[in-house]
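# Observations on the three-dimensional arrangement
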Amino acid sequence: MVYADRKEGVFKAVFNDHSPQGTGWCDHVCAYACPKSNEWQAWLDKDGVKMTQEDFAQFIEQNLVDIVDPSSAHMLEISRELVARKSANFSSSIRLSNGSHQFSYDEDIKGSTKSGNLEVPETFKIGIPVFLNGEGYGINARLRYRIKEQSLQMWYELIRPHDVYEDAFNEIHASITEATGMELVNAEC
C-alpha cells in the first residue's frame, strides 16, 4: 500500500500492510519526502516580509533568474530606483450653531522611478520549481511598498502559492500511480 501525505509532501510505501489475506506488521516501510527546491524555499521565506529598499533590491538581484514578467532587468531597476511620495490633505469644519464637526483626511502614495519613465507594476510573475529537479511553475506576486517613518518598505505577496504546491504534488502523485500501477491512499503518513 502507498500513502500520500499532501501537507507534508511525503509518500510512504508499506510493504507488509494489512490486506484481505490477513493482518500485516506494517514495519517494512519506505518513505519519500519530496524535497522542496531552493527557489521555492527562498521565495516562500520572504513572502509578505517587509524589507528596506536595499534589502529588497538585494533579494531581487539574487533571484533575477526566477523573474519572468516584467523582465528581470525592469524589476531590478524598480527595486533600486523606486521613489515614493506621500501626500496628505486634512480638512476640518465646525458648525457653531449646533456644534457638529466634520473631518476629512486623504492620504495618497505615488511610486515612480528616479528617472520617472518606468512604470511600477502592481504584479509580477516568477517561474520556479516547487520540488527539487521538478517542473517550473508560473506564480504571480503582488508588489507592495509603503512609506514608514521616513523610509521606504518593499515586499511582495505570492498569489495562491498553495494551489501551485498542490499541482506540483499531484504531478508526483500521478507519476507514482503510473509507475506502480497502484491507487495511492491520501492520508497523513
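Residues numbered from 1 in each chain as written. Predicted model: local features only at pLDDT ≥ 70, side-chain atom pairs only at ≥ 80, totals over all residues. Heavy atoms only, no water.

## Digging into the pairing of strand S8 (residues 123-129)
As paired strands, strand S5 (residues 67-69) and S8 are joined by two bridges and run antiparallel to one another. In the sheet register, Ile-67 faces S8, and the bridge partner there is Ile-126. Across seven bridges, S8 lies against strand S9 (residues 136-148) in antiparallel orientation. When the sheet's bridge partners are listed, Pro-129 is paired in S9 with Gly-136. (Pairing = 2+ DSSP bridges. Helix = DSSP H or I, 4+ residues; strand = E, 2+ residues; numbered from the N terminus.)

## Here we look at the packing of helix H2 (residues 53-62) against helix H3 (residues 72-81)
As a packed pair, H2 and H3 sit with axes 8 Å apart at the nearest point and diverge in direction by 165°. The pairing of H2 with H3 is recorded here as roughly antiparallel in orientation. The chirality of how H2 crosses H3 is left-handed. Between H2, through Gln-53, Phe-56, Ala-57, Ile-60 and Glu-61, and H3, the contact on the second element is made entirely by Met-75, Leu-76, Ile-78, Ser-79, Arg-80 and Glu-81. Of the residues belonging to the contact of H2 with H3, the class tally is six nonpolar, two polar and three charged. (Axes fitted to C-alpha atoms, helices over the stretch in contact; angles between N-to-C directions. Parallel < 35°, antiparallel > 145°, perpendicular 65-115°, else oblique. Left-handed = near helix turned anticlockwise from the far one by under 90°. Contact = heavy atoms within 4.5 Å. Nonpolar A, V, L, I, M, F, W, Y, C, P; charged D, E, K, R; others polar.)

## Structural notes on H2
Owing to its 3.6 residues per turn, the α-helix aligns residues three or four sequence positions apart on the same side. Where H2 is concerned, the buried positions are Gln-53, Phe-56, Ala-57, Phe-59 and Ile-60. Buried residues in H2, looked at end-on, bunch into an arc of 160°, giving them a common side. Among the exposed residues of H2, those oriented more than 90 degrees off its buried face are Glu-54 and Gln-62. (Buried < 20%, exposed > 50% of the residue type's maximum accessible area, 1.4 Å probe, protein only. Arc of directions from axis to C-beta.)

## Some words on the nonpolar core
Trp-43, Ile-60, Phe-124, Ile-126, Val-130, Phe-131 and Tyr-156 are the most contacted members of the largest nonpolar core, which totals 34 residues. Among the secondary structure elements, those contributing two or more residues to this core are helix H1 (38-45), H2, H3, S8, S9, strand S10 (151-158) and helix H4 (161-180). For this core, the element with the highest residue contribution is S9, accounting for six residues. Setting aside anything within four residues of it in sequence, one finds Val-130 in contact with Lys-36, Ser-37, Trp-40, Glu-135, Tyr-137, Val-164, Tyr-165 and Ala-168. (Core = buried A, V, L, I, M, F, W, Y, C linked by side-chain atoms within 4.5 Å.)

## What to know about unusual backbone geometry
In this chain, Asp-69 is followed by Pro-70 through a cis amide linkage whose omega measures -5°. Tracing the chain through its elements places Pro-70 in the loop between S5 and H3. Although it is not a glycine, Asn-133 adopts a positive phi angle of roughly 60°. Mapped onto the secondary structure, Asn-133 falls in the loop between S8 and S9.

## What about the confidence of the model for the chain?
Averaged over all residues, the pLDDT of the chain is 77; the fraction at 70 or higher stands at 69%. The element-level mean pLDDT for the chain is lowest in strand S7 (residues 101-113), coming to 51, with H1 highest at 94. (pLDDT = per-residue confidence, 0-100.)

## Quick look at the sheet that holds S8
The strand order across the open sheet built from five strands is S4-S10-S9-S8-S5, with neighbouring strands paired in antiparallel fashion. What marks the edges here is a single partner per strand, and that holds for strand S4 (51-52) and S5.

## Considering the pattern of salt bridges
Scanning the entire structure with this criterion turns up three salt bridges. Between Glu-166 and Arg-6 there is a salt bridge, with its nearest N and O atoms 3.0 Å apart. Of this pair, Glu-166 sits in helix H4 while Arg-6 sits in the loop between strand S1 (2-5) and strand S2 (10-14), and the two are 160 residues apart along the sequence. Across the pair Arg-160 and Asp-163 runs a salt bridge whose closest N-O atoms are separated by 2.7 Å. Residue classification places Arg-160 among the partly exposed residues on the basis of a relative accessible area of 49%. (Salt bridge = Lys/Arg side-chain N within 4 Å of Asp/Glu carboxyl O.)

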